[in-house]
Structure formats: C-alpha cells, structure tokens
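# Analysis of the macromolecular model
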Amino acid sequence: MTGLPQAVLVRRGAYHDSVTLMRVSRALSELPGVEAAMVAMATDLNVSILREMGFGVPETDPGDLLIAVRAKDPDAAAEEAERRLTEVDRPGTGSDEQPPLTTRSAAARGPADLVLVSTPGEYAFFEALDAIEAGLPVMIFSDGVTVAQERRLKELAEARDVLVMGPDCGTAAIGGAGLGFANVLTPGPVGVVSASGTGAQQVTCLLDRAGAGVSHVLGVGGRDLSAEVGGLSAARALRMLDEDPATELIVLVSKPPAPEVARAVLGQRLRTPVVPVLLGTPGVAQADGLAQGDRLAWTAGLAPAGDLTQAAEQALRALGRPVPEWPSWPAPPGTRPAPKRIRGLYSGGTLGTEAALVAGQGDFVDYGDDAYTRGRAHPMIDPTLRAEALARAGERDVVLMDVVLGHGADPDPAASLAPAVAGTPATVVIALIGTEGDPQDLHRQAAAFREAGAAVFTSNAQAARHARSLV
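Note that this is a predicted model, so its numbers are computed, not measured.

With that settled, the discussion passes to the side chain of Gln202. Here Gln202 is to be found in helix α7 (residues 197-209). Among the residues examined, Gln202 registers a relative accessible area of 0% and is labelled buried. In this structure the side chain of Gln202 is engaged in a polar contact, spanning 2.7 Å, whose partner is the backbone nitrogen of Asn460. With residues near it in sequence (within four places) discarded, Gln202 still touches Leu308, Thr309, Leu351, Ile433, Thr458, Ser459 and Asn460.

How two helices pack is summed up by the angle between their axes together with the distance between the axes. The interhelical angle for the contact between helix α6 (residues 147-160) and helix α8 (residues 232-242), taken along N-to-C directions, is 35 degrees, at an axis separation of 9 Å. In contact with Arg151, Lys154, Glu155, Ala157 and Glu158 of α6, α8 contributes Leu232, Ser233, Arg236 and Arg239.

Attention shifts here to the pattern of salt bridges. Considering all chains together, one arrives at 24 salt bridges under this definition. Across the pair Arg223 and Glu150 runs a salt bridge, and its minimum N-O distance is 2.8 Å. Taken together, the positions of Arg223 in the loop between β10 (214-219) and α8 and Glu150 in helix α6 put the pair 73 residues apart, joining distant regions of the chain. For Arg223, a relative accessible area of 31% gives the class partly exposed. A relative accessible area of 1% means that Glu150 is categorised as buried. Of the charged contacts in the structure, one is a salt bridge between Arg386 and Asp402, with a shortest N-O distance of 2.9 Å. One end of the pair, Arg386, is in helix α13 (residues 384-392); the other, Asp402, is in strand β16 (residues 397-404), and 16 residues separate them in sequence.

So, about the side chain of Asp438. Of note, Asp438 is situated in the loop between β17 (427-433) and α15 (442-451). For the buried Asp438, which has no salt bridge, the nearest side chain bearing the opposite charge is Arg209, at an N-O separation of 10 Å.

With antiparallel pairing, three strands are arranged side by side in an open sheet as β1-β3-β2. Where the open sheet ends on each side, the last strands, each with one partner, are β1 (6-11) and β2 (34-41). Averaged over neighbouring strand pairs, the angle between their axes works out to 5 degrees when direction is ignored. With respect to the sheet, helix α1 (residues 18-29) is in contact with β2 and β3 (65-71), its orientation differing from that of β2 by roughly 170 degrees. In this fold helix α2 (residues 44-52) packs onto β2 and β3, with an angle of close to 165 degrees to the strand it touches most, β2.

This part covers the environment of Asp161. Considering the arrangement of structural elements, one finds Asp161 in the loop between α6 and β6 (164-165). Overall, the relative accessible area of 56% leaves Asp161 in the exposed class. Through-space distance from the C-alpha of Asp161 to that of Val261 is 20 Å; in sequence the pair is 100 residues apart. Among the polar contacts listed, one links the side chain of Asp161 to the side chain of Arg236, at a separation of 2.7 Å.

Once that is clear, we can look at the packing of aromatic side chains. Applying the stated rule across the entire model yields four aromatic pairs. Look at Phe125 and Phe126: their rings are 5.2 Å apart centre to centre, the planes differ by 75 degrees, and that puts the pair in the edge-to-face class. On the basis of relative accessibility, which here comes to 11%, the residue Phe125 falls in the buried class. What makes Phe126 partly exposed here is its relative accessible area of 48%. With 4.9 Å between their ring centres and 50 degrees between their planes, Tyr367 and Tyr372 make a pair best called tilted. Take Tyr372: its relative accessible area is 27%, and that puts it in the partly exposed class. Geometry around Phe55 places Arg70 over its ring, the cationic atom sitting 4.8 Å from the centre.

Criteria and cut-off values
Residues numbered from 1 in each chain as written. Predicted model: local features only at pLDDT ≥ 70, side-chain atom pairs only at ≥ 80, totals over all residues. Heavy atoms only, no water. Helix = DSSP H or I, 4+ residues; strand = E, 2+ residues; numbered from the N terminus. Buried < 20%, exposed > 50% of the residue type's maximum accessible area, 1.4 Å probe, protein only. Polar contact = N/O pair within 3.5 Å; in protein donor to acceptor, adjacent residues only side chain to side chain. Contact = heavy atoms within 4.5 Å. Axes fitted to C-alpha atoms, helices over the stretch in contact; angles between N-to-C directions. Salt bridge = Lys/Arg side-chain N within 4 Å of Asp/Glu carboxyl O. Lys, Arg positive; Asp, Glu negative; His and termini not counted. Pairing = 2+ DSSP bridges. Phe/Tyr/Trp six-rings, centres within 6.5 Å; stacked < 30°, edge-to-face > 60°. Lys NZ or Arg CZ within 6 Å of the ring centre and 35° of its normal.

Okay, here's the thing in structure tokens:
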C-alpha cells in the first residue's frame, strides 16, 4: 500500500447494473491522483475483493452500493463517482409518452415479435411469464432463475407454442440480428441450437471463417438438456429450424446433457440433418437407445462431434465445403522454464469445459459462473478478475484462457488483458473467438496478444491441445 488516504461510501439500496458500475470504476481509476477505485454492489465477492485491495469495508447488504477510492483526494473522487451515477439515473428527454413499466404493458402496446429479459434474476421469471402469456417468444439473458421456475416457463411455452431461450442465454441471432453477446456473422445455411452461448460463438465463428455462414442461432440456456428441464426448448428449437427454408443443416451444442434427455431430443423425426456436439458424453450421441428410423444425425451420414471445432468441420463436410486451416499465431521465442501444470481462466463455461476435456489435466475456473457475476459485469466485459489471476500465476504454469469478441463484449480486450499477459511469469495460450467482421478487429487483437508473449488460436480445442503439449 502506498499510504494514500481512502474513502469508502455505502449507499443503502442504491442499485445500478454491473456494466454501469464497471464503467464508472474505470473512469475513476483513470483520474489523476487516483491509485485504486471500485464502484460495485456489496456482494460477498466484491466485498472480499475490496478488502484484499486494502479497503476497510463496513457491514453491508448485497443490495447496497459501495464506492471505494484510494487517492490524493479520495473525497473529490467519490463525489465524481456519485456525479456520474446521477447522470446515469437522470431520465432522458424526448417523447412525453410514458414508457411501459412492465413486459405485460409493453406487449399490449405492441407490435412485438420477441421479448428480451435482462433484469436481476429474482425479477426475470415474472417478466418472462408475462411475455409467454402474451404469446411471445422470450430470450432470458438474466441468470438467477431457479430450475423449477425454468421448467414452469418452458411447460407454459409449450402450451402457448412459443420458444423460451434461456435463462442465462447469452447469445442468439435471429435472421442476422444478434442478441446478447453476438458476433458479426455472414448469412448462410447452418442453424445452431445451443445450450451454451460461447459454444455457439465458437462454432459460428469457425463456420463464418470458412465462408459457410449462419441462418439462426437459438440459445436455450445451459440447463435445458438437464433431467430437471427435459430439453423442452432444445426440442422446440430443432423443430423450428427444421421448418426454416434457409436452414440446410443444424448443429446442436451442449455441455454434458442428461443421457435420456439427449436421446429424446435427438430422437425427433426431422428432415434436416443434425450434427450434435454434446461435450463430455461420447455415449449419449451413439445410436444405442434410438430407433433405426429416428437417428437424426446418421440419416445424412453424420457422426457426433467430439469438440466444437470438429462440429464446425463436420458441418462443412456435410455441406460439401472445404475445411480450412484455422488461423493461429505462435508465441514469440522465449526462454521460460518448462511448464508443469495448466491453469484455465475462462469467461465461457462451455469453452472451459471443452478445454478441460481436450487438455485432460489442469485446474479450470469459469469466471462467467453466477458466483463471479453477481453484482459484477460478465468477464467478457470486465477483465479485472482474470487479470488478477494472471498476476498470481507462476512461472511453471501454462495459463489457458479465452478472449471472446463481438457486440456486447469488451470493445478492446487486448487493451486490458495484453499488459497482464506481458506481466505474468506464466506461459499464456489464448483462444481468440471472433470473426473478421467483429468491431474489435480480430487480427489487431491477435497481434497485441502475441506481442505480449501469448500463443493465439482461433480454435479453442487447438489451443487446449497446444497447452497440453507444453506440459
């Protein structure tokens, strides 16, 4: 600690979304004379981080707002934080019409084709319920919805003949319009049904790279293929893409599903061939358990994929398209000690699961998990926790991590993470997930990370194999 004075303010019950708080924190940190600043909701994780940073945090509740500053003039910096937050709260000018206050009233005002719910999790269920009762499909970006609530929403959606995407649906693309975290994709013949946001992003980015293009991406939430939820949304999404004339082939992506649910979902009679990639469950996508006439993926001679890259490659072959070499950028020469272990620092849960399976060893942390995102921006937006983890890595570590580009993600992840890569004694391998059209400029990001000392791959599976080869 430098001995600079600090200020810690508590604002009881003053909620702000995590992205706003992250931006205010960054703005404060860049002010002259400010050594450290954090503006965040008082979740257990944020309180522990502040105490590790040397701040004295009083007793708080998770619904309280914390403003913590260490600076030459901490009171002035704290006042600046409150000024910026007040600007966010100030209503905009324009139409005198009262905006709708609930999903129900917005749906009644219409017309609408889809409802996107992004609220604190405890409120998301009721907003989604309003959407379904209005007969509208809904994408639930929020997490924090219980499994029982998810099942209830999807049962009601079946009765109303609409699709529920989510909860915790981070990525979707409908007719070229991206929702949530979304890459810039070329239109094409491949539809994706995904119980994983970053899993869908990896497959679609590779397809885009190969010139195949994507019709729609329908996210269904990471728990959809669990025994408790029963694959209700995945089954409906497959049927919807099967009826879509623009979709010639479907890729189904999931983290480890319940075997009986995967068999039921894959056992539907569809005309459109399906490539399933069900990570970590080689027996699920086998023919056993399916009637001969119901083998979706095998009616077109397709086999289940072992990883996300393989799924993209199988889709390309099924379409009669060549499989390209996936771009990679080797690390610059160096003389670091031979690594002994792999540490996975992931923002995408499915990418982390895939990397752990491919590497076959190591300790992996999913920083996109609910435990790390309550009261904080998602790590695809806020690099702070992963940058701190890089600083703690040792010289005998291989740090394997993903960097995901696209709309909604950090506008320049290399600006924050490349210095952390350059500063760590560990060997770093990066899976860079993005397309040529993404606003961050994939090649510029790759060059910055390579210059910082990392090896960079556009295939997460290839990055994991490379990390394994180094140990």
